[in-house]
Amino acid sequence: MKKYYEEAIQKICEMSKILTESEWNKIAKEENYLSSESLRYISNMDFEDWCKTIINSNA
C-alpha cells in the first residue's frame, strides 16, 4: 500500500495544477493509481487539502 501511496504523491507533484477529485479519479483509473477516496482514507484529509499539502511540501 505504501508503494501505491508514494506513486500517487509523485504523480500529484508532477501535475501543473491541483486536480479535482473527478479529474484525479479519471487519471487514477487510466493509470492505475489509488482513487481520491482511498487517498482520503489513508491521509485522513480532504482530497483537495491533501493535494495542497503534498504540493507545498515538495515546492
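Use the structure listed above.
As the structure is a computational prediction, the values presented were derived from the model and not from experiment.

Colleague: Outline the nonpolar core, supporting the account with residue identities and numerical values.
Modeller: Proteins that are soluble and globular tend to have nonpolar side chains buried together. Grouped together as the largest cluster of nonpolar side chains are 14 residues, with contacts concentrated most on Tyr 5, Ile 12, Trp 24, Leu 39, Phe 47 and Trp 50. Where this core is concerned, the elements lending two or more residues are helix 1 (2-14), helix 2 (21-31) and helix 4 (47-57). With residues near it in sequence (within four places) discarded, Tyr 5 still touches Leu 34, Leu 39, Ile 42, Ser 43 and Trp 50.

Colleague: Can you tell me about the packing of aromatic side chains, naming the residues and giving the values?
Modeller: On inspection of all chains with the given rule, the structure shows four aromatic pairs. Centre to centre, the rings of Trp 24 and Tyr 33 are 5.6 Å apart; their planes meet at 40°, and the pair counts as tilted. Between the aromatic rings of Trp 24 and Phe 47, the centroid separation amounts to 6.4 Å while the plane-to-plane angle is 35°, which identifies the pairing as tilted. With Trp 24 in helix 2 and Phe 47 in helix 4, this residue pair connects regions lying 23 residues apart in the sequence. Through pairs of rings, three or more aromatic residues link up here, namely Tyr 5, Trp 24, Tyr 33, Phe 47 and Trp 50.

Colleague: Describe the pattern of salt bridges, with residues and values.
Modeller: A complete count under the given rule lists five salt bridges for this structure. For the salt bridge of Glu 6 with Lys 2, the shortest nitrogen-to-oxygen distance reads 3.9 Å. Of this pair, Glu 6 and Lys 2 both sit in helix 1, four residues apart, which is roughly one turn of the helix. Accessibility expressed as a relative area gives 42% for Glu 6, which makes it partly exposed. Among the ionic pairs, Lys 11 bridges to Glu 31, the shortest N-O distance being 3.2 Å. Placement of the pair is Lys 11 in helix 1 and Glu 31 in helix 2, with a sequence separation of 20 residues.

The rules behind these values
- Residues numbered from 1 in each chain as written.
- Predicted model: local features only at pLDDT ≥ 70, side-chain atom pairs only at ≥ 80, totals over all residues.
- Heavy atoms only, no water.
- Core = buried A, V, L, I, M, F, W, Y, C linked by side-chain atoms within 4.5 Å.
- Buried < 20%, exposed > 50% of the residue type's maximum accessible area, 1.4 Å probe, protein only.
- Helix = DSSP H or I, 4+ residues; strand = E, 2+ residues; numbered from the N terminus.
- Contact = heavy atoms within 4.5 Å.
- Phe/Tyr/Trp six-rings, centres within 6.5 Å; stacked < 30°, edge-to-face > 60°.
- Salt bridge = Lys/Arg side-chain N within 4 Å of Asp/Glu carboxyl O.

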